[in-house]
Amino acid sequence: PFPHLLRTPHHFFSRIVIKLKTSLPLMSLPQSPFTSSTIPSMKKSPSSEKEDNQMQIENVDRISKLPDDMLLKILKSLSTEKAVQTSLLSKRWEGVWKQMPYLFFDMKNALKVELPVVEQSHFIAQLITKVINNHNGNLEHCKILHMTPQTQDGTLETWIRSLIHVKHTKYLELKRFRVNHRERARVLHLPPNIFSHPMLTSLLLSRYTFESAHAFNNCNNLIILKLYKIKVAVDILNTVIASCPSLKMLVLEIFQNSRSGCLKIHNDNLKFVHLTCPEIDNIEVSAALLDIFSVHGIELESGNNIVLDAPRLLQFGRKLWNILQSLPHIIYNISCDTQGNEKIGHEFVMNIENYSMVVFAILAVNVDMMNPKEVYMLKQVLDAWARDLQVLNIFFKDNDIDKKEGESSIDGIQNKWGNCFLSVDFRVRSVCLHNFNGSDENQFALAASFVIQGKMMRSLMIETFSLPANKKLAVDIAVEKLMKLPKGNKNLNIQYIFD
């Protein structure tokens, strides 16, 4: 969909065929771009001269004979630009790209240094519009990285209307990029209800200014909303959030002119909230089903500026507010659904780029060490934050006291999980284990792996509260064993706090 679209991609298509040769063994490459022909062979010997005098070369294009669903799998590995170019190969390929479920456009990559930016902007935008209009059917995902003029001349609104209300796009990403750093965020002027459509479930917007919330009116359809580098007054932002009552995932990177006002997030469907709002002093979050609460770039003052009403997190998240730092704070109630699938937001937490490649973070997790899936998810998080943790708080979920030691809560499988953490190459200043059960072999194995491998630079703290005498004795014995283990870090200080 860019200026060099009309170049015939014969060499490009040959590379596609070669790439797919190993995965599709039944395909054979055309030996000649022409029709069947007779080519003289080289003489080998008098006895074989007559036999090898001629060699029949047949042009067999088996790729084009594949069904559309297979051809779409081929195009899926290509950029939208190259996928559209395949329409020039033959009539068979002419309409295949129009069935693609994904369209990605990056105007930044199409710019030519020697040409005026404004002229290129309009021309490339016209090509993008043409591709969108020529596409057939609905879209699963569309991503457009565009320049500032499209927010001013009505092009962006045209794209949004077509993609949402005609193409029924499920996941839409719109990002404005700056040609130079002096460009200011442009106001996003859109009509009311434009994001309200039952098929649109996920929306990402980046580098815009909001002056009203009308575009989000009646957005009961949105499940995921991500707003990056958005300039907006807090009262308008509150209206946007309130207009999306079905949200399960909310990501906000917000900037505003004044610190007045309170950001209010009241939604009992939310499972994941991430906030980067350095210019907002007061935040209220009320979410009955919230499993992950993540903040970055917010000066925490003993929790006075954040009011968190989330039953699944309050039992172990409150302690984080006592740490007076603006480091990323992640509170994660690790859990999975009945099929063992990860809850929404898990992938976000594991991608450290979402936190602007920070140096350190403070993490609190709530995990069931008898659940193999939750243990695996904990390991994934620790892998992701390998050398970027300052404080790690692990809260162990209470298990059925009648379970045998080491028995898993899934399918009754016997599992000990300490060894699986030996391969995790992470470093952390301090670790605190809460609700430690001295008779739980999985919890002990995890603590032991931390001590032996020297993963903690300063301290390991074990906290237990309100335990009956027999359970406290088990914890005392377990802690004594931990203190006798060979320490990977000789300066490690192991502390035991009980009530």
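Refer to the structure printed above.
Attention here is on the structure that accompanies the text. (Residues numbered from 1 in each chain as written. Predicted model: local features only at pLDDT ≥ 70, side-chain atom pairs only at ≥ 80, totals over all residues. Heavy atoms only, no water.)

Before going further, it helps to spend a moment on the overall build of the protein. When its secondary structure is counted, the protein shows 14 helices and 21 strands. By residue count, 48% of the 499 residues in the protein fall in the buried class. Taking contacts inside the protein between residues at least 6 apart in sequence as the whole, the part at least 24 apart equals 65%. On the protein, roughly 25100 Å² of surface is accessible, and the fraction owed to carbon and sulfur atoms is 52%. (Helix = DSSP H or I, 4+ residues; strand = E, 2+ residues; numbered from the N terminus. Buried < 20%, exposed > 50% of the residue type's maximum accessible area, 1.4 Å probe, protein only. Contact = heavy atoms within 4.5 Å. Areas by Shrake-Rupley, 256 points an atom, 1.4 Å probe, with all protein chains shown as cover.)

Here we come to the environment of Ala83. Within the secondary structure, Ala83 sits in helix α4 (residues 80-85). Looking at Ala83, the relative accessible area reads 0%, which means it is buried. Residues Ala83 and Val96, spaced 13 residues apart in sequence, show a C-alpha to C-alpha distance of 8.8 Å.

Bringing the packing of helix α6 (residues 117-134) against helix α8 (residues 155-166) into the picture now. Following both chains from N to C, one finds α6 and α8 inclined at 15 degrees, their axes separated by 11 Å at the closest point. What the angle tells us is that α6 and α8 run roughly parallel. Judged by the twist between their axes, the crossing of α6 over α8 is left-handed. For the pair α6 and α8, contact is made by Ala125, Ile128, Thr129, Ile132 and Asn133 and by Thr155, Trp159, Ser162 and Leu163, respectively. When the residues that make up the contact of α6 with α8 are grouped by side-chain class, the tally is five nonpolar, four polar and no charged. (Axes fitted to C-alpha atoms, helices over the stretch in contact; angles between N-to-C directions. Parallel < 35°, antiparallel > 145°, perpendicular 65-115°, else oblique. Left-handed = near helix turned anticlockwise from the far one by under 90°. Nonpolar A, V, L, I, M, F, W, Y, C, P; charged D, E, K, R; others polar.)

A few words on the packing of aromatic side chains. In total, this model carries six aromatic pairs according to the counting rule given. Seen from their ring centres, Phe210 and Phe216 are 5.8 Å apart, and the 50 degrees between their planes marks the pair as tilted. You can call Phe210 buried: its relative accessible area is 6%. Seen from their ring centres, Tyr496 and Phe498 are 5.1 Å apart, and the 45 degrees between their planes marks the pair as tilted. Three or more aromatic residues joined by ring pairs make a cluster, and in this case those are Phe195, Phe210 and Phe216. Positioned above the aromatic ring of Phe498 is the side chain of Lys472, whose terminal nitrogen or guanidinium carbon lies 4.0 Å from the ring centre. (Phe/Tyr/Trp six-rings, centres within 6.5 Å; stacked < 30°, edge-to-face > 60°. Lys NZ or Arg CZ within 6 Å of the ring centre and 35° of its normal.)

To continue, consider empty space enclosed by the protein. Under the defined criterion, the tally for this structure stands at one cavity of 30 Å³ or more. Around the largest cavity sit Leu188, Leu190, Phe210, Ser212, His214, Ala215 and Phe216, which together line it. Along the lines of polarity and charge, the residues of the lining of the largest cavity split into five nonpolar, two polar and no charged. (1 Å grid on protein atoms, 1.4 Å probe; cavity = no way out; pocket = protein on both sides within 12 Å on 5 of 7 lines; lining within 4 Å. Points joined across faces, edges and corners; volume = space filled by probe spheres on them.)

Quick look at the side chain of Asp368 now. Mapped onto the elements, Asp368 comes out in the loop between β17 (361-367) and α12 (372-384). With relative accessibility at 11%, the residue Asp368 sits in the buried group. At 2.9 Å, the side chain of Asp368 and the backbone nitrogen of Met370 are in polar contact. (Polar contact = N/O pair within 3.5 Å; in protein donor to acceptor, adjacent residues only side chain to side chain.)

Across the six residues of strand β4 (residues 141-146), five count as buried, placing the element largely inside the fold. Across five bridges, strand β3 (residues 102-106) lies against β4 in parallel orientation. Bridge pairing in β4 places Phe105 opposite Ile144. The pairing of β4 with strand β5 (residues 171-176) spans six bridges and is classified as parallel. Counted as the bridge partner of Leu145 is Lys175 from β5. (Pairing = 2+ DSSP bridges.)

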